[in-house]
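Residues per chain are reported as follows:
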Amino acid sequence: SPTIFSGIQPTGIPHLGNYLGLFQPFLELQASSPPTTPIYLSVVGLHAITLPQDPVKLLEDRKNALAALLAAGVDPERTILFFQEDIREHSELAWILNTLTSVGRLQRMTTWKSRLATSRSSTLDQISESDLRLGLLAYPVLQAADVLLYKTTLVPVGEDQLQHLELARDIAQMFNREFGPVFPIPEVQIVPSKRILSLKDPTSKMSKSAPSASSRILLTDPPAMILSKLKSAITDSEPTITFDPISRPGLANLLTIWSSLDDEKQGSRRSPQQLAEYANENKWGMKRLKDEIGEILVDKLSPIGESFEKIRKDESYLSEVAKKGRDRAGEKAQEVMLEVRKVIGLGRI
Ligand code: TYM
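What you are looking at is a predicted structure, and each value in this text was computed from that prediction instead of being measured.

Counting its secondary structure elements, the protein contains 14 helices and five strands. Here the protein has a C-alpha radius of gyration of 21 Å; the compact-globule value for 349 residues is 20 Å, and the two agree. Viewed in the frame of its principal axes, the protein has a C-alpha envelope of about 75 × 50 × 40 Å. Of all 349 residues assigned to the protein, the portion counted as buried reaches 38%.

A word on the domain arrangement of the protein. What the domain assignment lists for the protein is domain 1 (4-196 + 315-344) and domain 2 (213-309). Taking the mean C-alpha position of each, domain 1 and domain 2 sit 29 Å from one another. Counting only elements with at least two residues in the side of domain 1 that touches domain 2, the list comes to helix 1 (16-32) and helix 3 (55-72). The class makeup of the residues in the side of domain 1 that touches domain 2 is 10 nonpolar, three polar and one charged.

With that out of the way, let us pick up the site of the ligand. Residues in contact with the ligand amount to 26 residues; listed here are only the nearest, G7, Q9, G17, G21 and G158. The residue inventory of the shell around the ligand, partitioned by class, reads 10 nonpolar, 11 polar and five charged.

So, about helix 13 (residues 286-313). Its 28 residues place the ends of helix 13 39 Å apart at the C-alpha level, agreeing with the 40 Å of an ideal helix rising 1.5 Å per residue. Of all the bends found along helix 13, the most pronounced is centred on L301 and spans about 30 degrees, while P303, a proline, follows it within four residues. For helix 13, every residue scored as buried is listed here: L289, I293, L297, L301, G305, F308 and R312. In this structure, the buried residues of helix 13 make contact with helix 3, helix 10 (223-231), helix 11 (249-261) and helix 12 (272-281).

With that out of the way, let us pick up the environment of S247. Within the secondary structure layout, S247 lies in the loop between helix 10 and helix 11. C-alpha of S247 to C-alpha of R62: the two residues are 185 residues apart in sequence and 38 Å apart in space.

Let's shift gears to the pairing of strand 2 (residues 39-43). With five of its five residues buried, strand 2 lies for the most part within the structure. Both faces of strand 2 are covered, namely the face carrying I39, L41 and V43 and the face carrying Y40 and S42. In the sheet, strand 1 (residues 4-8) pairs with strand 2 via five bridges, with the strands oriented parallel. Across the sheet, residue F5 finds its bridge partner in strand 2, namely Y40. After leaving strand 1, the chain enters helix 1 and then returns to the sheet as strand 2, a path that is right-handed. With four bridges connecting them, strand 2 and strand 3 (residues 80-83) associate as parallel partners. Across the sheet, the residue bridging to Y40 is I80, located in strand 3.

It is at 9 Å that the axes of helix 8 (residues 139-148) and helix 9 (residues 162-179) come closest, and there the two elements cross at 65 degrees. In terms of their interaxial angle, helix 8 and helix 9 are classed as roughly perpendicular. Judged by the sense of rotation from one axis to the other, the crossing of helix 8 with helix 9 is right-handed. Here P140, Q143, A144, V147 and L148 of helix 8 come into contact with helix 9, specifically with H164, L167, A168, I171 and A172.

What follows covers the environment of P35. Checked against the element boundaries, P35 lands in the loop between helix 1 and strand 2. When the C-alpha positions of P35 and E89 are compared, they lie 25 Å apart, and in sequence the two are 54 residues distant.

Moving on to the packing of helix 4 (residues 89-98) against helix 14 (residues 315-344). At a closest axis distance of 10 Å, the pairing of helix 4 and helix 14 adopts a crossing angle of 25 degrees. Classified by the interaxial angle, the pair formed by helix 4 and helix 14 is roughly parallel. As for the relative orientation of helix 4 and helix 14, their crossing is left-handed in sense. Residues E89, E92, L93 and I96 of helix 4 lie in contact with helix 14, whose contacting residues are A333, Q334, M337, V340 and I344. Classifying every residue of the contact of helix 4 with helix 14 gives six nonpolar, one polar and two charged.

Attention now moves to unusual backbone geometry. Phi angles above zero are rare outside glycine, and K151 is one such case at about 50 degrees. Along the chain, K151 turns up in the loop between helix 8 and strand 4 (154-157). We classify K151 as partly exposed; it has 19 C-beta atoms within 10 Å. Positive phi, normally seen in glycine, also occurs at K283, with a value near 55 degrees.

Scoring rules and cut-offs
- Residues numbered from 1 in each chain as written.
- Predicted model: local features only at pLDDT ≥ 70, side-chain atom pairs only at ≥ 80, totals over all residues.
- Helix = DSSP H or I, 4+ residues; strand = E, 2+ residues; numbered from the N terminus.
- Rg over C-alpha atoms; globule rule 2.2 N^0.38 Å.
- Buried ≥ 20, exposed ≤ 12 C-beta atoms within 10 Å, placed from the backbone.
- Domains from an automatic or database assignment.
- Nonpolar A, V, L, I, M, F, W, Y, C, P; charged D, E, K, R; others polar.
- Near = placed C-beta within 6 Å.
- Expected span 1.5 Å × (residues − 1).
- Bend = angle between axes of the 7 residues up to and from the residue.
- Contact = placed C-beta atoms within 7 Å.
- Pairing = 2+ DSSP bridges.
- Right-handed = clockwise from strand over helix to strand, strands pointing away.
- Axes fitted to C-alpha atoms, helices over the stretch in contact; angles between N-to-C directions.
- Parallel < 35°, antiparallel > 145°, perpendicular 65-115°, else oblique.
- Left-handed = near helix turned anticlockwise from the far one by under 90°.

Encoded structure:
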């Protein structure tokens, strides 16, 4: 029987990339899955600390992440919504999986290689690979532990997580080969809006860490800010509207965003190509296109922003949700770890 799991790092208010890459497909799964399908969504603090974090800000960001998920429509009665760091078994399983994972495999991960590249270019001293921290290298193993701990079968994520989940699948297979069939091999679900790009540099993805704040639209941005960020989004000066991700990535990104929000039901969404044709038939220029998308974004995001403000203030509600999630996730995690310890020879004597 299926089990759904996904995760998000508490590193700032979630942005439109998170919304379209994770929240939206997750909410569709939440609405369409039979009540017997367990659905887990974890705010992963142990992943966040693989890069240096200010403790005060981290606490704030964890609450913000939880409040943003609730504001966007994650139902804490239906979904097991919890903080990863509340469940010790994540760390324990990660350790066990570390003993099965080769260092070379981790060094070949693109996220590790790009960290290496940024740390080299951002400091005066040359940082060598051996100076980067162990936790950052082992990041994908902890992610594999997150998924496998609940015997997950389906993981909805954006495209940037694909390589991590291939590793999780491989680790599951290695474990099963060595110790017997404990873990299902998790399938990955990537949505059409798998990679939303930066509004300022459409060669890179929209991210929480890019220096320019106007490169991303946050779920809590007020309407005027959403519109001004869109207005300043990098496109090009060709006269017609076409969907061409290779030579017109900025424009293609806007059409992808529009398409993802075109309709509530995935089946009736017009494709980015269809929307480009529609804009052309109506002789729209870039400005008219941005106005249209701006209106759609404001309609979608401002209720989420308003709801976020209310939920975020209600700290006792947030801790109630966290406790409920912790109790429900903990139950399954403990059950699976009993089995894992037993098959590897570490069961109680
Ligand atoms: P994180 O916190 O970077 O992102 C959360 C989710 O948002 C998606 N996403 C995007 N999708 C489309 N376009 C973008 N520009 C964009 N930016 C982010 C991500 O693909 C992700 O689905 N390592 C994970 C968190 C994690 C996890 C897990 C996920 C930890 N354990 C287990 C799934 C299963 C991460 O850093 O996501």
